[in-house]
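Per-entry structural report
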Amino acid sequence: MAKVKSKYVCQSCGYETAGYLGKCPECGAWSSFIEEVSDSATLKLTQDLPDKNPPQKLADIKINSEIRTRTNITEFDRVLGGGIVQGSLVLIAGDPGIGKSTILLQTSGALCNQGKKVLYISAEESAGQIKLRAERLGIKSDNLYIYSQTNFELIKKHIVEMRPDLVIVDSIQAVYTTTIQSSAGSVSQIRECCNFLMGIAKNNDISIIVIGHVTKEGNIAGPKVLEHMVDTVIQFEGDKYKSYRILRSIKNRFGNTSEVGIFEMGAKGLIEIINPSQAFLKEYNQTQTPGSTIIVTNEGTRPMLVEIQALVGVTPYPAPRRIANGVDLSRVLQILAVLEKRIGLNLSKQDVYVNVVGGIDVNEPAGDLGIALAIITCVRDVVFDSQTAIVGEIGLSGEIRGVSHIEKRITEAQKLGFKRIIIPDSNNIEEKFADIEIIKVKRIIEAITRAVK
């Protein structure tokens, strides 16, 4: 009789131990150990693929001009770095219902229209359910193959036999291999299945995209090694109850890691937002009130204009509230401290709410000055000039520090019809702009004097 051994594996980091532990010594997670059984008599999956890539000299390596395939979905190609790289393994993660399956089915249809062969492996839905979604999205192609299966050995067999240009696995948490006697979705199953997929992709030059679940904290489910193994990690962000979706690259071996793609969820799938600044500001002039400003933020190589709203009111509570949506709360608290110390604005008895319109997150400090001016205009109950954009980082001494890519930010503001832009004095501008007035400021008090009348 085959000898059966058991081990306990942490579902957060993959740490293994012979006995159960309440707290993981590796990552500190509590109650995260699950028992997994390994059978020595279990048939092991063999890698019978030939070694087609012997060691080569760097000078002898030739790069195929067709190594990157464009999906013709501009925003998706931007995040991928220009298209899907042949033989790459891509991980897309996001909340349930955010649109992961939708965008990959749209990508499959776009590639099939180019004559590419796509194998869509659905481990969570039946082929009929995929068919219904494809009809809603208007996807009809003879090059798209749907395979509803969770057993990895069968999946591998069809991938090797069909040799498609692209394989989509929806999702990696639902696939299991018989070489490991643990349930699908466990750390060991996810790690092994992803490792086998990576071998198939590299040895056969087949591009593979896998969908990953996220935990309630928003992290990608499974071991952290999963993100290290794949070539690209893409995060789907946004509220599923709102229309805008943001596709963000957090790891990319073949492109920029700070690019984002903007989509809007419609009745027929995800629609690209080619000009996100115009989409975010379409209601700005109609609903402009005190406490509203426009900042020029940068996402990757793309400048975007977004609206910052601030609301300041007397608090009925002993301790005033500080709420921030779309910006880091610690930066808002820092800005409030600078306003109190450097210009004497006392907000100790008032609640402060800061919001970024459109659901986008502003992570760079270039939005500090816009947040400060939004708070000040709300306190003074004045309307900020709707033709003025703002860029600048605020230092602790009240100085306005320079930001990167200032020419691109000015060009974007000019393109959308803004007449003035407030920028740090330390930024040197090499280009000349004729249709927009550039206001340079050194300190926050100067910015307030120039912007708020």
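Residues numbered from 1 in each chain as written. Predicted model: local features only at pLDDT ≥ 70, side-chain atom pairs only at ≥ 80, totals over all residues. Heavy atoms only, no water.

**Digging into the overall build of the protein chain**
Note the threshold: Every helix listed is a DSSP run of H or I at least four residues long, and every strand listed is a run of E at least two residues long, numbered separately from the N terminus. Residues count as neighbours in contact if any of their non-hydrogen atoms are within 4.5 Å of one another. Only the protein chains shown count as covering a residue, and every accessible area follows the Shrake-Rupley method with a 1.4 Å probe.
Scanning the protein chain from N- to C-terminus turns up 11 helices and 23 strands. Taking the principal axes of its C-alpha atoms as reference, the protein chain extends roughly 85 × 55 × 50 Å. In the protein chain, the share of contacts with a sequence separation of at least 24, taken over all contacts with a separation of at least 6, comes to 66%. Summed over all atoms, the accessible surface of the protein chain reaches about 21,800 Å², with 50% contributed by carbon and sulfur.

**Brief notes about the packing of helix H9 (residues 368–380) against helix H11 (residues 444–451)**
For clarity, the cut-off: Only the stretch in contact is used when fitting a helix axis, every axis being a line fitted to C-alpha atoms; angles between N-to-C directions are given from 0 to 180 degrees. Every angle not falling under 35 degrees, over 145, or within 65 to 115 is termed oblique; those three ranges are roughly parallel, roughly antiparallel and roughly perpendicular. With the far helix as reference, a near helix turned anticlockwise by less than a right angle produces a left-handed crossing, and one turned clockwise produces a right-handed crossing. The nonpolar class holds Ala, Val, Leu, Ile, Met, Phe, Trp, Tyr, Cys and Pro. Asp, Glu, Lys and Arg form the charged class, and all remaining residues, Gly among them, are polar.
Orientation of H9 relative to H11, taken along the N-to-C sense of each, is 55°, at an axis distance of 11 Å. When the interaxial angle is binned, H9 and H11 end up oblique. Regarding H9 and H11, the two cross each other, and that crossing is right-handed. Residues Leu369, Ala372, Leu373, Ile376 and Arg380 of H9 touch H11, and the partners they reach there are Ile444, Ala447, Ile448 and Ala451. Of the residues assigned to the contact of H9 with H11, the class counts are 8 nonpolar, no polar and 1 charged.

**Remarks on the sheet that holds strand S13 (residues 260–266)**
Formally: Criterion used throughout: strands pair if DSSP finds at least two bridges between them.
A sheet is described by the order of its strands in space; here 9 strands give the open sequence S8-S7-S9-S10-S6-S11-S12-S13-S14, paired in mixed fashion. Two strands close off the open sheet at either side, each with one partner strand: strand S8 (144–148) and strand S14 (269–272). With strand direction ignored, the average angle separating the axes of adjacent strands in the sheet is 25°. Summarising the sheet, strand S6 (residues 89–94) and strand S11 (residues 232–237) pair through 5 bridges and their orientation is parallel. Along S11, the bridge assignment pairs Leu91 with Val233. On the sheet, helix H5 (residues 187–204) packs against S6, strand S9 (166–170) and strand S10 (207–212) and is oriented at approximately 160° with respect to S10.

**Looking at the environment of Tyr244**
Within the secondary structure, Tyr244 sits in strand S12 (residues 244–252). A sequence separation of 102 residues divides Tyr244 from Asn346, and the C-alpha atoms of the two residues are 36 Å apart.

**Things to note about the side chain of Gln173**
Relative to the helices and strands, Gln173 is located in the loop between S9 and H5. If near-sequence neighbours (up to four positions away) are discounted, Gln173 is found in contact with Ala184, Gly185, Ile190, Ile211, Gly212, His213 and Ala221.

**Points about the pattern of salt bridges**
What counts, and what does not: One side-chain nitrogen of Lys or Arg within 4 Å of one carboxyl oxygen of Asp or Glu is enough to make a salt bridge. Categorising residues by exposure relies on relative accessible area from a 1.4 Å probe, with only protein chains included: less than 20% of the type maximum marks a residue as buried, more than 50% marks it as exposed, and the intermediate range marks it as partly exposed.
Overall, the coordinates contain 15 salt bridges when judged by the stated rule. The partner of Lys202 in a salt bridge is Asp231, and the shortest N-O contact between them spans 2.6 Å. Residue Lys202 is found in helix H5, and its partner Asp231 is found in the loop between helix H6 (225–229) and S11; the two are separated by 29 residues along the sequence. We classify Asp231 as buried; its relative accessible area is 3%. Of the charged contacts, one joins Glu299 and Arg248 as a salt bridge, the two residues approaching to 3.0 Å between their closest N and O atoms. A residue pair is termed long-range when its members are at least 10 positions apart, and Glu299 in strand S15 (residues 292–299) and Arg248 in strand S12 qualify at 51 residues. Here Glu299 matches Arg248 in class, with each residue buried. One network of salt bridges, with partners in common, ties together Lys7, Glu16 and Arg191.

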